[in-house]
Amino acid sequence: MSHERKVDVAVVGSGPAGHVAAIQMAKLGLSCVLIGPEHGGEDGRTTALLGSSVPYLQSLGLWDGIAAEGQALKIMRLIDDTGRLFKAPTTEFDSSEIDLEAFGYNIDNNRLVATLHAALEVQDQERVIQDKQLARSVRLESDGAMIEMEDGSVWQARLAIAADGRKSIVREAAGVEMRKWAYPQTAMVVNLHHPSTPHNNISTEFHTKTGPFTLVPYRDGFTSSLVCVVKPEDAERLKGMDRHLLALELERRSHSIYGAFEVISDPQSFPLSGMVAKQFYGPRAALIAESAHAFPPIGAQGLNLSLRDISSLADVIREDGAGDPGADDVVQTYGQLRRSDIWSRTAGVHMLNMSLISALPFGQGARTAGLALANMVPSLRKLMMKAGLDAPTKIGWTADAINKREKHS
């Protein structure tokens, strides 16, 4: 008979969301196992932590360590580089206008996971256990989740939290289907040094015909991380360029806004796609992060949305799940609470992306008009900043609304 161990909660997936979920469950007084291998430290991307993510991470005692590794984002600058007839004005959103020192912080993904892992290590080790194997299989039953590991041992938990990404085995065990779509785009990411001009804590996003070209403050005042969204064949061409030639090409695309570039990391590329689970729970399971939702790196929504998943799940467990964190009413309430936020953010990112790459004038005009109004009307600009940072309630975008639009498009 396989060696079997029992915990209140099993978090499957050891990325940033999995680490935060495990720490959160421990702080609720629940015993927890975090399942998944150590981070390899080879992720070239960065993450912008914004809005409600900051006070939430502060409440867990995690924020100071994260902020020390990141760069403040004080101004968001949008520049229309589509070359189309109706050009949107350059628009700057300044965090001081809504009485914030910064919108948030941009942090290297490798450093983020290392910081979270260090925080996990100092938790009560009787409360939080780490199992650095991969989970082989998951079985969800009425009285608990059974998770078989590579070595044949089994974890039995009252709640399984799926933080195991787009190919989640927890979600598969729950029988939850995904709605998936792809974009004709690829994101190339690379880190750049620009010694002649500091970024001054400004994130600059050029809107181009193929998608955003975004420079975000990174590590110090003279380096930025770049997300360049282009056609797949263009991404491959850029990745294959000599570093010096690539630096010249990226400087050209940025209109020399920071002067000459030096490429300081190997370019990586990621095909753009999106997906949303048809529901965010199953028997004895709660889906968070990319097991529940994934979309292009536009608008810095990914991990911020995932942290709201974890915060909402914790709120429901505090309210209704003290006796049994995986009870049907707990996971169902969690799923209902997350529906509006997840679908509205997904729709927002989708619409912004399509307004850039679509040849239809309506989407282009709406984006141009919106930025023009934001420039002219301070109260609207403040509203847009707050809406971009805070979790929405009901703003008219639901799964049903998106379904109806797709059927008629």
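Residues numbered from 1 in each chain as written. Predicted model: local features only at pLDDT ≥ 70, side-chain atom pairs only at ≥ 80, totals over all residues. Heavy atoms only, no water.

(A) Spatial organisation of the overall build of the protein chain. Of regular secondary structure, the protein chain possesses twelve helices and 20 strands. Across the protein chain, contacts joining residues at least 24 apart in sequence account for 72% of those joining residues at least 6 apart. Surface exposure of the protein chain reaches about 18,200 Å², of which carbon and sulfur atoms provide 53%. (Helix = DSSP H or I, 4+ residues; strand = E, 2+ residues; numbered from the N terminus. Contact = heavy atoms within 4.5 Å. Areas by Shrake-Rupley, 256 points an atom, 1.4 Å probe, with all protein chains shown as cover.)

(B) Quick peek at unusual backbone geometry. Backbone geometry places Asn201, a non-glycine residue, at a positive phi of 60°. With respect to the helices and strands, the residue Asn201 is situated in the loop between β12 (178-193) and β13 (202-208). Even without being glycine, Arg284 reaches a positive phi, approximately 65°.

(C) A look at the packing of helix α6 (residues 232-239) against helix α7 (residues 243-253). Interhelical geometry of α6 versus α7 gives an angle of 135° and a closest axis separation of 10 Å. One finds that α6 runs oblique with respect to α7. Where α6 abuts α7, its residues Asp234, Arg237 and Leu238 lie against Leu246, Glu249 and Arg253. (Axes fitted to C-alpha atoms, helices over the stretch in contact; angles between N-to-C directions. Parallel < 35°, antiparallel > 145°, perpendicular 65-115°, else oblique.)

(D) Looking closely at the side chain of Asp80. Residue placement: Asp80 occurs in strand β5 (residues 75-80). Its relative accessible area of 5% is what places Asp80 among the buried residues. There is a polar contact of 2.7 Å between the side chain of Asp80 and the side chain of Thr82. (Buried < 20%, exposed > 50% of the residue type's maximum accessible area, 1.4 Å probe, protein only. Polar contact = N/O pair within 3.5 Å; in protein donor to acceptor, adjacent residues only side chain to side chain.)

(E) Expanded view of the packing of aromatic side chains. Under the counting rule described, the total for this entry stands at two aromatic pairs. Seen in terms of ring centroids, Trp63 and Tyr105 are 5.4 Å apart; in terms of plane orientation they differ by 75°. Their pairing is edge-to-face. With Trp63 in helix α3 (residues 63-69) and Tyr105 in strand β7 (residues 104-108), the pair connects residues that are 42 residues apart, well separated along the chain. Judged by relative accessible area, which is 7%, Trp63 ranks as buried. We classify Tyr105 as partly exposed; its relative accessible area is 22%. For the ring pair Phe206 and Phe213, a centre distance of 5.9 Å and an interplane angle of 70° mean the geometry is edge-to-face. Residue class for Phe206 comes out buried when judged on its relative accessible area of 2%. Sitting over the ring of Phe270, Arg45 keeps its end group 4.4 Å from the ring centre. (Phe/Tyr/Trp six-rings, centres within 6.5 Å; stacked < 30°, edge-to-face > 60°. Lys NZ or Arg CZ within 6 Å of the ring centre and 35° of its normal.)

(F) View of helix α1 (residues 16-27). An ideal rise of 1.5 Å per residue puts 16 Å on twelve residues; α1 measures up with 17 Å between its terminal C-alpha atoms. In terms of residue burial, α1 counts as a mostly covered element, since ten of its twelve residues are buried. Just downstream of α1, Gly29 is the residue with a positive phi angle, here 90°. (Expected span 1.5 Å × (residues − 1).)

(G) The confidence of the model for the protein chain, seen in detail. Of all residues in the protein chain, 85% attain a pLDDT of 70 or more, and the chain-wide mean is 87. Note on residues 391-409: pLDDT is under 50 here. Beyond four places in sequence and across chains, it has 26 contacts. (pLDDT = per-residue confidence, 0-100.)

(H) Broad picture of the sheet that holds β7. Spatially, three strands are ordered β3-β7-β4 in an open sheet, and the strand pairing comes out antiparallel. Each of the sheet's edge strands pairs with one partner strand only, and the pair in question is β3 (46-50) and β4 (71-73). Averaged over neighbouring strand pairs, the angle between their axes works out to 30° when direction is ignored. Bridge analysis of β4 against β7 gives three bridges, and the strand direction is antiparallel. Residue pairing for β7: Ala72 is matched across the bridge by Tyr105. Sitting on the sheet, helix α4 (residues 109-121) is in contact with β3 and β7, with an inclination near 95° to β7. (Pairing = 2+ DSSP bridges.)

(I) Quick peek at the side chain of Ser153. Take Ser153: it is sitting in the loop between β10 (144-149) and β11 (154-162). Exposure remark for Ser153: the relative accessible area of 5% places this residue in the buried category. At a separation of 2.6 Å, a polar atom in the side chain of Ser153 contacts the side chain of Asp151. With residues near it in sequence (within four places) discarded, Ser153 still touches His3, Arg5, Gln133, Ile147 and Glu148.

(J) The arrangement of the pairing of β3 in detail. Counting buried positions along β3 gives four out of five residues, so the element sits mostly inside the fold. Note: β3 against β7, five bridges, orientation antiparallel. Within β7, the residue paired with Leu50 across the bridge is Gly104.

(K) Looking closely at the packing of α1 against α4. Contact geometry of α1 with α4 gives a least axis separation of 9 Å together with a crossing angle of 20°. Our classification of the angle between α1 and α4 gives roughly parallel. Taken as a pair, α1 and α4 cross one another with a handedness that is left-handed. Residues Pro16, His19, Val20, Ala22 and Ile23 of α1 lie in contact with α4, whose contacting residues are Leu112, Val113, Leu116, His117, Ala119 and Leu120. Tallied by class, residues from the contact of α1 with α4 come to nine nonpolar, two polar and no charged. (Left-handed = near helix turned anticlockwise from the far one by under 90°. Nonpolar A, V, L, I, M, F, W, Y, C, P; charged D, E, K, R; others polar.)

(L) Seen up close, the pattern of salt bridges. In total, this model carries 21 salt bridges according to the counting rule given. Salt-bridge contacts for Asp309 lead to Arg338; the nearest nitrogen and oxygen are separated by 2.7 Å. Placement of Asp309 in helix α8 (residues 302-320) and of Arg338 in helix α9 (residues 328-357) is noted, with a sequence separation of 29 residues between them. The network of salt bridges with common partners includes Asp234, Arg237, Glu249, Arg252 and Arg253. (Salt bridge = Lys/Arg side-chain N within 4 Å of Asp/Glu carboxyl O.)

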